[in-house]
Amino acid sequence: MDKNKIKKEFLDLGKQPIANGFLNKNEFNNEFLFELKAVYDEQTKLVSLKEFVAPELMFNENYAYHASMSETMKIHFKELADKLQEEFEPVNVLEIGSNDGIFIRHFNPDTTIAVEPCKNFADMTNDMEYKTYDEFWTNNLSKLIKQNHGTMDLIYAANCICHIHDLDDTFTAVKNLLSEDGIFVFEDPSLIRMMERGSYDQLYDEHAHIFSVTALQNILKRNELEIFRVENLSVHGGSNRIYVKSIHNRYQDIESSVEDNLLRENEFGLNDFKTYQIFSDRVQKSRDDLVSMLKTLKNEGKKVIAYGAASKVTTVFNYCGIDESLVEYITDTTPSKIGKYQPGTHIPIISPEEGFNESVDVAYLGAWNFKAEIMNKETDYLSRGGKFITHVPQVMMFS
Ligand code: JHZ
């Protein structure tokens, strides 16, 4: 059967740039753009992008996303590292997509390997004494690692597996590298949470797939792997942490959280294409509401900026056609984003010290997934009457 026939398109977010490809002025004219559309696979139930972007265009030595920019995420990974060490006592550990070492820093460098295709970050973890393979995760790399270091008791990946186009190759690579009682744990944004919250901005070039437990179960199974635990997390707007083992591994029981999640997804309608069509209508309404709110604020003479140049904001602003005439600039704490321009819209990005000041009336909360952390930090802004806007779960202003 033609695989593309069972992939049904449900969402068109228009022409989009590389979400994390922050630009210098002299790069405005030859920007790469692609059609950001989402499809639902009737057979596996997997939601993916219709058009994949070449990995080298996104993940290279200029990769801008720096996981340690958030205190929430630092605590999140420290707690997870402690928990995995206590429960599973792994010796050989491998992380796929180790970014700035936010997770592996809690493991012994002598027995921990990292895989990171973005050279700027691979250099950081190599400097931290973790043997880092500056490459994409593939079955060939997995074979090489097995040859050099033996099998792994724990393979971990955060916000990375959903970036990889070929999931069968990815999972085969994992299966071949696990020790007899080894486990694979990974976490990525959750499809049900995206659908519940209308957070369509989880879709951008890097997120080749947005996973449901149902789809993962189907794809893992055909690669002789199975899920034995699912944890629903609040980070990144709602993620699932998936615990996986080989079907031959008898050390772990399959826990009730797996069936609970499968049932919940089915009841929500994730296995029914109609649900995706309803979501698409909601996204169009979200765009209309956001643009209309920003235009009203502009007419009232308010100064509106955006807070956090997240990848997600690239999707929202490009889809909604929001430019400097509606949002003056974006503030962000990441050194490599400051002084650059947002992909596609070319809205300037400046530091919070420079841009988040008395003159701001309203800030679109781009980093809405860190709302609690940011509300805690910005009490001065809020107490002088500053307001935030979000589109999650619907377009609204709050303070
Ligand atoms: P944040 C990235 O998505 C990309 P993004 C990636 N594909 C992925 O899956 C997720 O992460 C996990 C800034 N900020 O984390 C920092 C402030 O300025 O939501 C970041 O640039 N002030 C790997 O890019 C941005 O906001 C603050 O107080 O959508 C947030 O980006 C805080 C807390 C953050 O990820």
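Cut-offs applied
- Residues numbered from 1 in each chain as written.
- Predicted model: local features only at pLDDT ≥ 70, side-chain atom pairs only at ≥ 80, totals over all residues.
- Heavy atoms only, no water.
- Helix = DSSP H or I, 4+ residues; strand = E, 2+ residues; numbered from the N terminus.
- Rg over C-alpha atoms; globule rule 2.2 N^0.38 Å.
- Buried < 20%, exposed > 50% of the residue type's maximum accessible area, 1.4 Å probe, protein only.
- Contact = heavy atoms within 4.5 Å.
- 1 Å grid on protein atoms, 1.4 Å probe; cavity = no way out; pocket = protein on both sides within 12 Å on 5 of 7 lines; lining within 4 Å.
- Points joined across faces, edges and corners; volume = space filled by probe spheres on them.
- Pairing = 2+ DSSP bridges.
- Axes fitted to C-alpha atoms, helices over the stretch in contact; angles between N-to-C directions.
- Near = heavy atom within 4 Å.
- Polar contact = N/O pair within 3.5 Å; in protein donor to acceptor, adjacent residues only side chain to side chain.
- Areas by Shrake-Rupley, 256 points an atom, 1.4 Å probe, with all protein chains shown as cover.
- Nonpolar A, V, L, I, M, F, W, Y, C, P; charged D, E, K, R; others polar.
- Lys, Arg positive; Asp, Glu negative; His and termini not counted.
- Salt bridge = Lys/Arg side-chain N within 4 Å of Asp/Glu carboxyl O.

Caption draft 1: Representation of the overall build of the protein. Along the backbone of the protein there are 13 helices and 17 strands. Taken over the C-alpha trace, the protein has a radius of gyration of 21 Å; the compact-globule value for 399 residues is 21 Å, and the two agree within 12%. Taking all 399 residues of the protein together, the buried fraction comes to 57%. Counted over contacts in the protein with a minimum sequence separation of 6, partners at least 24 positions apart contribute 68%.

Caption draft 2: Summary view of the layout of surface pockets. What the second largest pocket holds in volume is close to 490 Å³. Together, 19 residues line the second largest pocket, and Gly21, Phe22, Leu23, Glu27 and Asn62 are the ones closest to its centre.

Caption draft 3: Fine view of the sheet that holds strand β2 (residues 34–41). Here we have four strands laid out as an open sheet, ordered β1-β2-β3-β9, and antiparallel in their pairing. Of all strands in the sheet, those with a lone pairing partner are β1 (7–16) and β9 (209–210), marking the two edges. By the bridge criterion, two bridges tie strand β3 (residues 47–49) to β9 in an arrangement that is antiparallel. Directly across from Ser48, in β9, lies its bridge partner His209.

Caption draft 4: Structural detail: the sheet that holds strand β17 (residues 396–398). Read from one edge to the other, the open sheet built from six strands follows the order β14-β13-β12-β15-β16-β17, with strand pairing classed as mixed. The open sheet has two edge strands, β14 (349–350) and β17, and neither has a second partner. Taken together, the two bridges between strand β12 (residues 304–307) and strand β13 (residues 330–331) define a ladder with parallel strand orientation. Bridging across to β13, Ala306 finds its partner in Ile330. Across the sheet, helix α9 (residues 273–299) is in contact with β12, β15 (362–365), β16 (387–390) and β17; its angle to β16 comes to roughly 155 degrees.

Caption draft 5: Broad picture of the site of the ligand. With respect to spatial proximity, 24 residues lie near the ligand, and among them Glu206, Ser311, Asp332, Lys337 and Lys377 are the closest. At 3.4 Å, a side-chain N or O of Thr334 approaches an oxygen atom of the ligand. Isolated, the ligand exposes 730 Å² of accessible area, and the fraction of that covered by the protein chains is 97%. Contributions of two or more residues to the shell around the ligand are made by α10 (311–320) and α12 (371–377). With three residues, the single largest contributor to the shell around the ligand is α12. Residue composition of the shell around the ligand, grouped by class: eight nonpolar, ten polar and six charged.

Caption draft 6: Structural context of the side chain of Asp205. Here Asp205 is to be found in the loop between α6 (191–197) and β9. The charged side chain of Asp205 is buried without a salt bridge, its nearest counter-charge being Lys337 at 11 Å. There is a polar contact of 3.1 Å between the side chain of Asp205 and the backbone nitrogen of Ala19. Setting aside residues up to four positions removed in sequence, Asp205 forms contacts with Pro17, Ile18, Ala19, Phe34, Leu49, Val53 and Met58.

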